[in-house]
Amino acid sequence: MPPSSSGGVTLAMIAGILEGYDLGRLQWHSPRHLHLLTEAFRRAYADRNALLGDPDFVAMPLARLLSPEYAAERRATISLDRATPSREVGPGVNAPTEHPHTTHFSVVDSAGNAVAVTTTINSFYGIRAVVEGAGFLLNNEMDDFSAKPGSANQFGLVQGEANAVAPGKRPLSAMSPTIVVGRDGRLSLVLGTPGGSTIITNVFQNLSNVLDFGMGVARAVSAPRIHHQHLPDEIGYEPGSLTAETIAALQAMGHAVKVRGSPDAAYPYIGDLQAILVRPDGVREGASDPRRHGAAVGY
Ligand code: DON
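Let me begin by describing the structure that accompanies this report.

What counts and how
- Just so you know, the residues in each chain are numbered from 1, in the order the chain's sequence is written.
- Under the rules for a predicted model, residues below a pLDDT of 70 receive no local features and side-chain atom pairs below 80 are neither given nor counted, while totals for whole chains, interfaces and linings still include all residues.
- Excluded from the side-chain calculations are hydrogens and water; all other atoms, namely the structure's heavy atoms, are used.
- Each helix is a run of H or I in the DSSP string that is no shorter than four residues. Each strand is a run of E no shorter than two, and both are numbered from the N terminus.
- For every residue, the accessible area (1.4 Å probe, protein chains only) is compared with the maximum for its type, and the residue is labelled buried under 20%, exposed over 50%, or partly exposed between those bounds.
- By definition in these notes, contact holds between two residues if any of their heavy atoms fall within 4.5 Å.
- Any residue with a heavy atom lying within 4 Å of a molecule or strand is counted as near it.
- Whenever two N or O atoms come within 3.5 Å, that pair is a polar contact, provided that in protein one can donate a hydrogen and the other can accept it, and provided that, for residues adjacent in sequence, both atoms are side-chain atoms.
- Only the protein chains shown count as cover for residues, with accessible areas throughout obtained via the Shrake-Rupley method and a probe of 1.4 Å.
- All amino acids are sorted into three groups, where Ala, Val, Leu, Ile, Met, Phe, Trp, Tyr, Cys and Pro are nonpolar, Asp, Glu, Lys and Arg are charged, and the leftover types, Gly among them, are polar.
- Patch membership is restricted to residues that have no salt bridge and whose relative accessible area is over 30%. Joining uses 9 Å for like charges and 5 Å for the nonpolar side chains Val, Leu, Ile, Met, Phe, Trp and Tyr.
- When a carboxyl oxygen of Asp or Glu is within 4 Å of a side-chain nitrogen of Lys or Arg, the pair counts as a salt bridge.
- Whether two strands pair depends on DSSP finding at least two bridges between them.
- Fitted lines through C-alpha atoms serve as axes, helices being fitted only where they are in contact, and the angles separating the N-to-C directions of these axes extend from 0 to 180 degrees.
- Each nonpolar core is a collection of buried residues, namely Ala, Val, Leu, Ile, Met, Phe, Trp, Tyr and Cys, held together in the definition by side-chain atoms within 4.5 Å.

Examining the environment of G160
Within the secondary structure layout, G160 lies in the loop between β2 (114–120) and β3 (178–181). Here G160 falls in the buried class, since its relative accessible area comes to 17%. Considering only alpha carbons, one finds G160 and K148, 12 residues apart in sequence, at a separation of 8.3 Å. Residues within four places of G160 in sequence aside, it is in contact with N49, S146 and P149.

Spelled out as structure tokens, the structure:
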């Protein structure tokens, strides 16, 4: 999804950085795998949080951010065995000096047309007020802006002036409804998720689970996930999903590792992914995330 969602741009930046590693040959969820994901996420979010905003208001260096040369420069700053503290990772392109409820549907029809739709009113029940007589909830999307640049929003995102509030401006979303088409034009994957700031890293991990690690879509969707968004400078993981050895190895590399689900966390899990994989033999595999209450249906 293009700006005013950061989803498509950030996914592409993550993929560009990780293009330099043969992810599918790594042991899935090994410390090396999780480290490389984290370092790519950290850098892409540093750019996202500082540079992206509503294109009607902000000039964004998208050609540069999305170029293979820039991905290679960002990749070159990654150590294979040490975490880079987020305080040492700024946006890689100079920022201008002036400086939860969401739902996703993935659909493929009988003719092979695909739709990926994410809708949001932000927090659960938005502002928790219904328009009298109209029957719909009002959103609290203002929190997707950097209401106070430099301060964290409800998802812990620390964002800058590019996403500051202005009349008529759209807040920077993380929604990432995604359709993957092969070089031959063949539809391969349709996916997306709610989850606030974790949407982008969740979609990326599911793409990579299928495309790099050859997982079936049900396994890919139910597999544990991690998250990193530049600040706070920590790897979030789902309860029980990383071994003590893996956590210790990541900590030894300098990563802060924190389980999601502490009393102050909104959810003890990451996301609610809905995906359809169209296999080369034409069979469609649908998978709904077991973390929430969706369902895969076929007609
Ligand atoms: O557009 C966004 O990035 C947010 N409004 C999404 C919020 C969200 O996913 C909350 N749901 N779990």
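Focus on the site of the ligand
Contacts to the ligand come from 16 residues, most closely from T102, D144, S173, A174 and G196. Note that a nitrogen atom of the ligand is positioned 3.1 Å from one of the side-chain N or O atoms of E141. The separation between an oxygen atom of the ligand and a polar main-chain atom of A174 is 2.6 Å. Its free accessible area being 350 Å², the ligand has 99% of it covered by the protein chains. Classifying every residue of the shell around the ligand by side-chain character gives seven nonpolar, six polar and three charged.

Concerning a nonpolar patch on the surface
A contiguous nonpolar surface patch, about 310 Å² in accessible area, is contributed by F105, V107, V115 and V117. With respect to the element layout, V107 can be found in strand β1 (residues 102–108).

A short note on the pattern of salt bridges
One pass over the full model with this rule turns up 12 salt bridges. For D47, the salt bridge is made with R74, and the minimal N-O distance between the two is 3.4 Å. Of this pair, D47 sits in helix α2 (residues 31–51) while R74 sits in helix α4 (residues 68–76), placing them 27 residues apart in sequence. On the accessibility criterion, D47 (1% relative accessible area) is buried. The salt bridge partner of D56 is R170, with a shortest N-O separation of 3.6 Å. Classification of R170 as partly exposed rests on a relative accessible area of 37%. Linked through salt bridges whose partners overlap, the residues forming this network are E39, R42, R43 and D233.

Some points on the sheet that holds strand β4 (residues 187–192)
Read across the open sheet, the four strands follow the order β3-β4-β8-β9; overall the sheet is antiparallel. In this open sheet, the two edge strands, each paired with only one partner strand, are β3 and β9 (284–288). On average, each strand axis in the sheet is inclined to that of its neighbour by 10 degrees, with strand direction left out of account. Two strands pair when backbone bridges link them, and β3 and β4 are joined in this way by four bridges, in the antiparallel orientation. Bridging from a neighbouring strand, V180 pairs with L189 of β4. Helix-sheet contacts for helix α5 (residues 199–211) involve β3, β4 and β8 (274–278), and the interaxial angle to β4 is about 150 degrees.

Quick notes on the nonpolar core
Grouped together as the largest cluster of nonpolar side chains are 54 residues, with contacts concentrated most on I14, L18 and F204. Among the secondary structure elements, those contributing two or more residues to this core are α1 (7–18), α2, β4, α5, α6 (217–222), β6 (235–237), α7 (244–252) and β8. Here this core gets eight residues from one element, more than from any other, and that element is α2. The contact partners of I14, leaving out residues within four places of it in the chain, are A40, F41, A44, I200 and F204. Membership of the second largest hydrophobic core comes to six residues, among which are L187, V190, I276 and V278.

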